[in-house]
Amino acid sequence: MPTTFFQTDTPERVASTHANALAVRLERGARALTAFAISLTDDEWQARIPHDGRTVGVVVHHVASVYPIEIQLAQTVADGKPVTGVTTADIDAMNAAHATANAAVTQAAALELLFRNSTAAAAAIRDLSDEQLATAAPVSLYNDAPLTCQFVLEDHAVRHSYHHLAVIRRALRP
């Protein structure tokens, strides 16, 4: 009788305690942003954020869409390679282009992307070893200061949903 499961010859890798803690924080932030975004009315979804100009919906989609980029930057540092050519002006241009291209984003599409990309980001973080998290390399966004992979994760992918959730809350429900 054929088996209904398959075995692998390699044991499943267990995430380091530090990597898992970072992934859990990212997941909690993404869930908090999701829970708040689900509660929004259509008018709130389309509301513009003061001093930013983007709509709430575009910002939620923005958080979701940049997880892969943020993880790629952290993985570059984890590999001991410098992050080059990334400036504040580049990020501003990327965000502006994203806002234009996604002006009509639906709540369902943004939340699906948020779930998918935050899940993938958390998995990628869990794949990092403690040694990789502690690896430092120059990062152009910070004037080539040598920063650890963990710092890059904390300042970008892990923090991102918390930061924008706070901004959205202040804009909608002061």
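Residues numbered from 1 in each chain as written. Predicted model: local features only at pLDDT ≥ 70, side-chain atom pairs only at ≥ 80, totals over all residues. Heavy atoms only, no water.

A.B. asks: It is not clear to me how the overall build of the protein should be interpreted in this structure. Could you clarify?
C.D. replies: Looking only at helices and strands, one finds seven helices and two strands in the protein. From first element to last, N terminus to C terminus, the protein shows the α and β order α-α-α-α-α-α-β-β-α. Its C-alpha atoms give the protein principal-axis dimensions of roughly 55 × 55 × 30 Å. Within the protein, the fraction of its 174 residues that count as buried is 40%. Residue pairs in contact within the protein that sit at least 24 positions apart in sequence constitute 77% of those at least 6 positions apart. Summing over all exposed atoms, the protein offers an accessible surface of approximately 9,900 Å²; the carbon and sulfur share of this is 58%. Looking at the protein, you have 13 positive and 18 negative side-chain charges, and the mean spots of the two groups are 6 Å apart. (Helix = DSSP H or I, 4+ residues; strand = E, 2+ residues; numbered from the N terminus. Buried < 20%, exposed > 50% of the residue type's maximum accessible area, 1.4 Å probe, protein only. Contact = heavy atoms within 4.5 Å. Areas by Shrake-Rupley, 256 points an atom, 1.4 Å probe, with all protein chains shown as cover. Lys, Arg positive; Asp, Glu negative; His and termini not counted. Charge placed at Lys NZ, Arg CZ, Asp CG, Glu CD.)

A.B. asks: Would you mind showing me how to read unusual backbone geometry here?
C.D. replies: Most peptide bonds adopt trans geometry, and most residues besides glycine take a negative phi value. The backbone of H51 shows a phi angle near 65°, a positive value even though the residue is not glycine. Within the secondary structure, H51 sits in the loop between α2 (42-46) and α3 (56-78). Overall, H51 belongs to the exposed group, its relative accessible area being 89%. Look at D144: it is not a glycine, yet its phi comes out positive at around 65°. Residue placement: D144 occurs in the loop between β1 (136-139) and β2 (145-148).

A.B. asks: Mind showing me how you'd approach the packing of aromatic side chains here?
C.D. replies: What describes a pair of aromatic rings is the distance from one ring centre to the other and the angle between the planes of the rings. Here the structure, examined in full by the defined rule, presents one aromatic pair. Seen in terms of ring centroids, Y142 and F151 are 5.6 Å apart; in terms of plane orientation they differ by 75°. Their pairing is edge-to-face. (Phe/Tyr/Trp six-rings, centres within 6.5 Å; stacked < 30°, edge-to-face > 60°.)

That's the geometry; what it means functionally is another story.
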